[in-house]
Amino acid sequence: MSGACRFLSLCKAAEVAEGKAIKVEKDGLTLAVFNIEGEYFVTDDTCTHGPGSLSEGPIEGDVVECDFHNGAFNIKTGAVVAAPCMIPLKTYKARLQGDEIAIET
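Cut-offs used in this document
Residues numbered from 1 in each chain as written. Predicted model: local features only at pLDDT ≥ 70, side-chain atom pairs only at ≥ 80, totals over all residues. Heavy atoms only, no water. Pairing = 2+ DSSP bridges. Helix = DSSP H or I, 4+ residues; strand = E, 2+ residues; numbered from the N terminus. Polar contact = N/O pair within 3.5 Å; in protein donor to acceptor, adjacent residues only side chain to side chain. Buried < 20%, exposed > 50% of the residue type's maximum accessible area, 1.4 Å probe, protein only. Phe/Tyr/Trp six-rings, centres within 6.5 Å; stacked < 30°, edge-to-face > 60°. Lys NZ or Arg CZ within 6 Å of the ring centre and 35° of its normal. Contact = heavy atoms within 4.5 Å. Disulfide = S-S within 2.5 Å.

(A) Main features of the pairing of strand S10 (residues 94-97). Summarising the sheet, S10 and strand S11 (residues 100-104) pair through 4 bridges and their orientation is antiparallel. Bridge pairing in S11 places Leu 96 opposite Ile 101.

(B) Inspection of the side chain of Ser 55 at higher detail. Mapped onto the fold, Ser 55 is located in the loop between strand S4 (39-44) and strand S5 (59-60). A distance of 3.1 Å separates the side chain of Ser 55 from the side chain of Ser 53, its partner in a polar contact.

(C) Here's a closer look at unusual backbone geometry. Going from Ala 83 to Pro 84, the amide bond is cis rather than trans, its omega being 15°. Along the polypeptide, Pro 84 turns up in the loop between strand S8 (80-82) and strand S9 (91-92). Phi at Asp 27 is positive, roughly 50°, even though this residue is not glycine. The topology assignment puts Asp 27 in the loop between strand S2 (21-26) and strand S3 (29-36). We note that Glu 37 has phi near 50°; this positive angle belongs to a residue other than glycine. Tracing the backbone shows Glu 37 in the loop between S3 and S4. Residue Glu 37 is classed as exposed on the basis of its relative accessible area, which comes to 71%.

(D) View of the packing of aromatic side chains. A complete count under the given rule lists 0 aromatic pairs for this structure. Residue placement shows Arg 95 over the ring face of Phe 7; its charged tip is 4.1 Å from the ring centre.

(E) Representation of the side chain of Ser 53 in the model. With respect to the helices and strands, the residue Ser 53 is situated in the loop between S4 and S5. Ser 53 sits in the buried class, given a relative accessible area of 8%. A distance of 2.7 Å separates the side chain of Ser 53 from the side chain of Asp 45, its partner in a polar contact. With sequence-adjacent residues up to four places away left out, Ser 53 is seen in contact with Lys 23, Asp 45 and Asp 67.

(F) Structural view of the state of the cysteines. This model, assessed by the stated rule, comprises 0 disulfides. Between Cys 66, a cysteine without a disulfide, and Cys 47, which holds the nearest cysteine sulfur, the sulfur-to-sulfur distance is 3.8 Å.

Right under this line is the structure:
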């Protein structure tokens, strides 16, 4: 078995404004791609507490608030920051490949 990582290209870096997020649906995944001070982070887009879309929630620093029940997560680590969320958010290792944001799969 090969230990080589595969990368899934998600979007152009220019599509994600600083301090913002976009939703990307690719290969059966629904992801939120964040730009925090020029660094890119990728998480699942759906809140672990309900049907909220994290790419649509307000971002303050490295914390995103769910637009559904106002729970919050650390964008960089996926850790729960505010209730009612209790389950951490899945994060993906993001990297720039040229002008594209990609994740390891």
